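# Working through the structure, step by step
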Amino acid sequence: IEGEEMNLSDLKGKWVLVDFWASWCRACRIENPKFARLYKKFNSSGFEIISISKDDSESNWKKAINKDGVDSWTHIWDKDKSISDAYSISSLPQNVVISPDGKVAAKNVSAEMLHSFLETNL
């Protein structure tokens, strides 16, 4: 949000949820508060979230972040859709769980599935 550059490699050693979403995606917005609860519970144990938005409007993107209470982690506005295109993200919601060693550990998990996964792996 602040325009700072970040690299996924900066989070090596942590479990990371990379979540593709948009303010207009109803299913995404339902999951957002659930992910916020998981972040609050597991962040101190080595869990991070990176949210990548496919919104066309920066204003709508920022409003949704505030309304959903998900402003505690890194958010990226994929304004030109280059990140989404690089990862072949064509529908929402989509996400990937990356292990501490940088490997894909799970894809398209719900908050409930992620909770069980983190309970087992953290």
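Computed from a prediction, not measured in an experiment: that's the story for all the values here.

Once that is clear, we can look at the overall build of the protein. Tallying secondary structure elements over the protein gives four helices and five strands in all. Secondary structure elements of the protein occur, N-terminal to C-terminal, as β-α-β-α-β-α-β-β-α. Computed over the C-alpha atoms, the radius of gyration of the protein is 13 Å, within 12% of the 14 Å expected from 2.2 N^0.38 for a compact globule of 122 residues. Its C-alpha atoms give the protein principal-axis dimensions of about 35 × 25 × 25 Å. Looking at the protein residue by residue over its 122 residues, the buried ones come to 43%. For the protein, long-range pairs separated by at least 24 residues make up 74% of all intrachain contacts whose partners lie at least 6 apart in sequence. A total of about 7000 Å² of accessible surface is found on the protein, and carbon and sulfur atoms cover 48% of it. The distance from the centre of the 16 positive side-chain charges to the centre of the 18 negative ones in the protein is 5 Å.

Let us now look at helix α2 (residues 58-68). Residue pairs three or four apart in sequence face the same way in an α-helix, which turns once every 3.6 residues. Inspection of α2 places W61, A64, I65 and D68 among the buried residues, and these make up the whole buried set. End-on view of α2: buried residues confined to an arc of 100°, all on one side of the axis. When the buried face of α2 is taken as reference, the exposed residues oriented beyond 90 degrees from it are K63, N66 and K67. Of the surrounding secondary structure, the elements contacted by the buried residues of α2 are β1 (15-21), α1 (26-42), β2 (47-53) and β3 (74-77). Where α2 begins, the side chain of S57 points an oxygen toward the backbone nitrogen of S59, at a separation of 3.4 Å. The positive-phi residue at the C-terminal boundary of α2 is G69, with phi of around 70°.

This part is about the sheet that holds β1. The five strands lie next to each other as β3-β2-β1-β4-β5, forming an open sheet whose pairing is mixed. Among the strands making up the open sheet, the edge pair consists of β3 and β5 (104-107). Within the sheet, the average angular offset between the axes of one strand and its neighbour, ignoring direction, is 20°. Two elements, strand β4 (residues 94-98) and β5, share three bridges in a ladder whose sense is antiparallel. Within the sheet, the bridge partner assigned to V97 lies in β5 and is A106. Along the sheet, α2 makes contact with β1, β2 and β3, crossing β3 at roughly 160°. Helix α4 (residues 111-121) contacts β1, β2, β4 and β5 of the sheet and is inclined by roughly 165° relative to β1.

Under the definition given, this model contains seven salt bridges. In this structure, the salt-bridge partner of E31 is K34, at a minimum N-O distance of 3.5 Å. Taken together, the positions of E31 and K34, both in helix α1 and three residues apart, correspond to about one turn of that helix. Residue classification places K34 among the partly exposed residues on the basis of a relative accessible area of 24%. Through salt bridges with shared partners, a single ionic network connects E31, K34 and E112.

The rules we used
- Residues numbered from 1 in each chain as written.
- Predicted model: local features only at pLDDT ≥ 70, side-chain atom pairs only at ≥ 80, totals over all residues.
- Heavy atoms only, no water.
- Helix = DSSP H or I, 4+ residues; strand = E, 2+ residues; numbered from the N terminus.
- Rg over C-alpha atoms; globule rule 2.2 N^0.38 Å.
- Buried < 20%, exposed > 50% of the residue type's maximum accessible area, 1.4 Å probe, protein only.
- Contact = heavy atoms within 4.5 Å.
- Areas by Shrake-Rupley, 256 points an atom, 1.4 Å probe, with all protein chains shown as cover.
- Lys, Arg positive; Asp, Glu negative; His and termini not counted.
- Charge placed at Lys NZ, Arg CZ, Asp CG, Glu CD.
- Arc of directions from axis to C-beta.
- Polar contact = N/O pair within 3.5 Å; in protein donor to acceptor, adjacent residues only side chain to side chain.
- Pairing = 2+ DSSP bridges.
- Axes fitted to C-alpha atoms, helices over the stretch in contact; angles between N-to-C directions.
- Salt bridge = Lys/Arg side-chain N within 4 Å of Asp/Glu carboxyl O.

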